[in-house]
Each structure stands twice: as C-alpha cells, then as structure tokens.
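# Observations on chain architecture
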Amino acid sequence: MRKLYNLLLVEDEEHKTNDLLRRLEVAGFGKPTVATGVRDAVLAVMQRPFDLIVLDMALPTFAKGEVASAGGVAQSMGGIEILRALKSSGAKANLIIVTQYPEILINGEKIRLSALPRLLTARYGQNVLGSILYSFKTPEWEKSFDAALGRLT
C-alpha cells in the first residue's frame with residue numbers, strides 16, 4: 001500500500017469519475033475528496049492542501065443540484081480557475097490533468113496535451129505530472145494515467 005495522500009478528484013462526469021477512482025484504488029491510493037464543479041473545487045483547495053489533484057479542465061461552475069439541475073454555466077476551462085486558486089493561495093500540489101480533448105484552449109491559443117504540463121507548471125507554480133487524453137473504455141489512457149501516478153514522489 002502506498003503512503004496515504006490527501007487527494008482531490010475534480011470531475012463532473014460519473015463514468016469518468018468511476019474509472020479514475022478505480023485507477024487510484026488499483027494503484028494503492030486512498031479514497032479522494034471528489035468535487036464535481038469549479039466552485040466546490042476552488043473551495044476545497046482554499047480550505048486545505050492536497051498532495052495530488054486529478055483535474056478535468058472542462059467543468060461546470062457548480063456541482064449538479066447546487067444551482068438548478070444543470071450545474072450552472074459550463075466552463076470549457078474551469079480547470080484553469082482551480083489552478084488560479086491554488087496559485088493565489090500559495091498552495092502547491094501535484095496534478096494530473098485528465099481530459100477528453102486533444103488540445104486545450106488557453107488565452108485564445110490551442111495547446112496540445114503534450115505541452116500542457118510544462119506550460120501549466122510554469123504559469124501556475126504547480127507540479128503537473130502529466131496530461132492524459134481520456135477515452136471511455138480504452139486501455140491507453142489507463143497506462144498514461146498509471147505512468148503519471150508513478151512520477152508522484
């Protein structure tokens with residue numbers, strides 16, 4: 001069993017959440033705190049430090065049920081708000097980005113996933129261990145995710 005880390009999983013899609021929870025369990029990590037919207041995730045990182053944050057980039061503003069049933073306004077870059085909150089609070093965390101998009105739009109520029117860890121590490125002062133292209137029911141993302149977990153020190 002690995003050292004128990006203080007984990008945060010930020011994901012709004014149930015099937016993806018379940019897949020990520022299984023991967024963390026297989027790797028020997030404890031059960032994470034789960035946030036399903038930007039607001040919950042920002043509040044979580046402002047309240048306490050996390051050793052590892054598994055972060056989706058496209059998130060609704062609010063968790064489902066918090067405001068109406070839709071979860072508020074969808075933010076294609078909701079993950080950036082969480083990175084900004086970490087930076088503004090002075091908190092440091094290891095992060096793994098898990099997204100269903102091969103490119104991420106940041107400040108109007110499309111960034112390939114392979115370039116994302118270096119860019120986000122430099123811009124937000126966090127240790128981005130990897131950026132994973134998630135695809136439902138395919139094993140490729142699992143290998144990449146496990147490799148990123150292996151870089152956690």
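Reading guide: rules and limits
- Residues numbered from 1 in each chain as written.
- Predicted model: local features only at pLDDT ≥ 70, side-chain atom pairs only at ≥ 80, totals over all residues.
- Heavy atoms only, no water.
- Helix = DSSP H or I, 4+ residues; strand = E, 2+ residues; numbered from the N terminus.
- Buried < 20%, exposed > 50% of the residue type's maximum accessible area, 1.4 Å probe, protein only.
- Contact = heavy atoms within 4.5 Å.
- Expected span 1.5 Å × (residues − 1).
- Arc of directions from axis to C-beta.

## A short note on the overall build of the protein
Along the backbone of the protein there are five helices and nine strands. Put simply, the protein runs from its N terminus to its C terminus through helices and strands in the order β-α-β-α-β-β-β-α-β-β-β-α-β-α. Counting the 153 residues in the protein, one finds 46% classified as buried. Counted over contacts in the protein with a minimum sequence separation of 6, partners at least 24 positions apart contribute 65%.

## Here we look at helix α1 (residues 14-26)
Taking 1.5 Å per residue, 13 residues should reach 18 Å; α1 reaches 18 Å between its end C-alpha atoms and fits that length. For α1, the complete set of buried residues consists of K16, T17, D19, L20, R23 and L24. Across the axial projection of α1, the buried residues extend over an arc of 165 degrees, all falling on one side. The exposed set on the far side of α1, more than 90 degrees from its buried face, consists of E14, E25 and V26. Where the residues of α1 are buried, they touch β1 (7-10), β2 (33-35), β3 (52-55), β6 (94-99) and α5 (140-150). Remark: G28 follows α1 within two positions and exhibits a positive phi of approximately 90 degrees.

Treat this as a map of the structure, not an account of what it does.
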